[in-house]
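# Descriptive analysis of the structure
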Amino acid sequence: MSALEAVEIVLAEASTPLHYKELTDRMLKRNLWTSNGKTPEATVNAQLATDISSQGTGSRFVRTAPGTFALNDGTHDKYEITRSRKPEGTLTFLEAAYKVLSENEAREPMHYKAITDSALDQGLLDTKGLTPEATMYAQIVTTVNRADAEGEVSRFSKHGHGMVGLTEWEGVGVAIEIREHNKAVREKLLDRVSGMDPAGFEELLGRLLAEMGFDEIEVTKYHGDKGIDLRGTLVISGGIEVKMAIQAKRWKNPVQAPEVQKVRGATSANERGMIITTSKFSAGARAEAERAGFTPVGLIDGEELIGLMVKHQIGVRRENQVVIELDDGSI
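Definitions and limits used
Within any chain, residue numbers begin from 1 and follow the written order of that chain's sequence. Totals for whole chains, interfaces and linings use all residues, but because this is a predicted model, local features are given only for residues with pLDDT of at least 70 and pairs of side-chain atoms are given and counted only at 80 or more. As a convention, hydrogens and water are excluded, and side-chain values are obtained from all of the structure's heavy atoms. Starting at the N terminus, helices and strands are each numbered in turn, a helix being any DSSP run of H or I of at least four residues and a strand any DSSP run of E of at least two. By definition in these notes, contact holds between two residues if any of their heavy atoms fall within 4.5 Å. What pLDDT expresses is the predictor's confidence in each residue, scored from 0 to 100. Distance and chemistry together define a polar contact, namely a pair of N or O atoms within 3.5 Å, with one atom able to donate a hydrogen and the other to accept it when in protein, and with adjacent residues in sequence counting only for side-chain atoms on both sides. Whether two strands pair depends on DSSP finding at least two bridges between them. Every angle, taken between N-to-C directions, lies between 0 and 180 degrees, and every axis is a line fitted to C-alpha atoms, over only the stretch in contact when it is a helix. The cut-offs for exposure are 20% and 50% of the maximum accessible area for each residue type, with area from a 1.4 Å probe on protein chains only; residues under the lower value are buried, those over the upper are exposed, and the others partly exposed. For the handedness criterion, the strands are oriented away from the viewer, and a crossover whose path from the first strand over the helix to the second runs clockwise is classed as right-handed. To be clear, the arc concerns the directions from the helix axis to the C-beta atoms.

## Notes on the environment of Ala-3
The residue Ala-3 is located in helix 1 (residues 3-14) in this model. Distance in space between the C-alpha atoms of Ala-3 and Trp-33 is 6.0 Å, their sequence separation being 30 residues. Residues in contact with Ala-3, not counting those within four places in the same chain, are Met-27, Trp-33 and Gln-47.

## Looking at the confidence of the model for the chain
The predicted model of the chain has a mean per-residue pLDDT of 86, with 90% of residues at 70 or higher. Per-element mean pLDDT across the chain ranges from 85 in strand 2 (residues 61-65) up to 96 in strand 11 (residues 297-300). Of the regions scoring below 50 in pLDDT, residues 82-87 engages in 18 contacts with residues more than four places distant in sequence or in other chains.

## Notes on the side chain of Ser-154
With respect to the helices and strands, the residue Ser-154 is situated in the loop between helix 6 (132-149) and strand 5 (156-158). Within the local environment of Ser-154, its side chain forms a polar contact with the backbone nitrogen of Phe-156, the two atoms lying 3.1 Å apart.

## Quick look at the sheet that holds strand 5
The three strands lie next to each other as 4-6-5, forming an open sheet whose pairing is antiparallel. The strands lining the two open edges of the sheet, one partner per strand, are strand 4 (110-111) and strand 5. Bridge count for strand 5 against strand 6 (residues 163-166) is three bridges, and the pairing is antiparallel. Following the sheet pairing, Phe-156 is matched in strand 6 by Leu-166. Each of strand 4, strand 5 and strand 6 is contacted by helix 4 (residues 93-102), which is oriented at about 75° to strand 6, the strand it contacts most. Set on the sheet, helix 6 makes contact with strand 5 and strand 6; between it and strand 5 the angle comes to about 100°.

## Structural notes on the pairing of strand 10 (residues 271-277)
Counted residue by residue, strand 10 has six buried out of seven residues, so it is predominantly covered. Where strand 10 meets strand 11, four bridges bridge the pair, whose relative direction is parallel. Looking at strand 11, one finds that Ile-276 is bridged to Ile-300. Between strand 10 and its parallel partner strand 11, the chain crosses via helix 10 (residues 283-289), and the hand of that crossover is right-handed.

## Some points on helix 4
Listed as buried for helix 4 are Phe-93, Leu-94, Ala-96, Ala-97, Val-100 and Leu-101. Buried residues of helix 4, viewed axially, fall in a sector of 160°; they line one side. Tucked inside the fold, the buried residues of helix 4 contact strand 4, helix 5 (112-121), helix 6, strand 5 and strand 6.

Here it is as structure tokens:
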């Protein structure tokens, strides 16, 4: 028996709306449905949210309160999810989407509206926006597109018509092989960049800045690892210009907060500071870069650097291959 069939039996016998946790408890105690997962209640909630989202008024179920469902027999008022409540243990939209999908034992794509509703029902999101489902989908699409552009492996996969799944569900196949190949190339590229001499690294960053839309780029005279290594003007649409003073750090160890302070102190009154490194930034460095009352300092770590190089095809080339698959529904 499927989870939704078991839900229908329990709700019919209860003759009253039930929270998805109570529904799951009754289903399991009566052996109406079995689950091998660690979070069966999340699976039930996700499947109910998916059914209501996809079937609309034709669904056998209706949401009557946060996380509470009844049979759609016309006797219960439909519940409009309150967007302004303050749930406990809230996550970002992407973290909430991943949690909802990872707890879906069916391992099937869900519509972004169903993902959002399930996340709200579980108290995973804290949002006052009127269209959280639009925010959810926009963030998922953005992260997938960014990953594709930078040759990364996104946690999410798009399946058309607003359906979203997890890449880890795909197992072995052409898509996974391509992503794993790209991951290996990115790692080799980072190793190659990390092994460059300091002057060559700074010249490489000058090329990258030009591709990113910087103008008036100047690679300053090499003085070891002191001071500002590059200067440039970032040209933003609308004629806005931001002068940047950039320090290049071809390091293996994480960059710490004092380095951020040094860069901030080395910038002039009309400049913004930035550090680009082949390593990472410590939590203290990131906090210092955004310290209230001080000019922010931009930070680009090794992974982000390689992502930008892939996006602008510096050190790599993009090869497009045509892969065809049968479409069973077309003929």
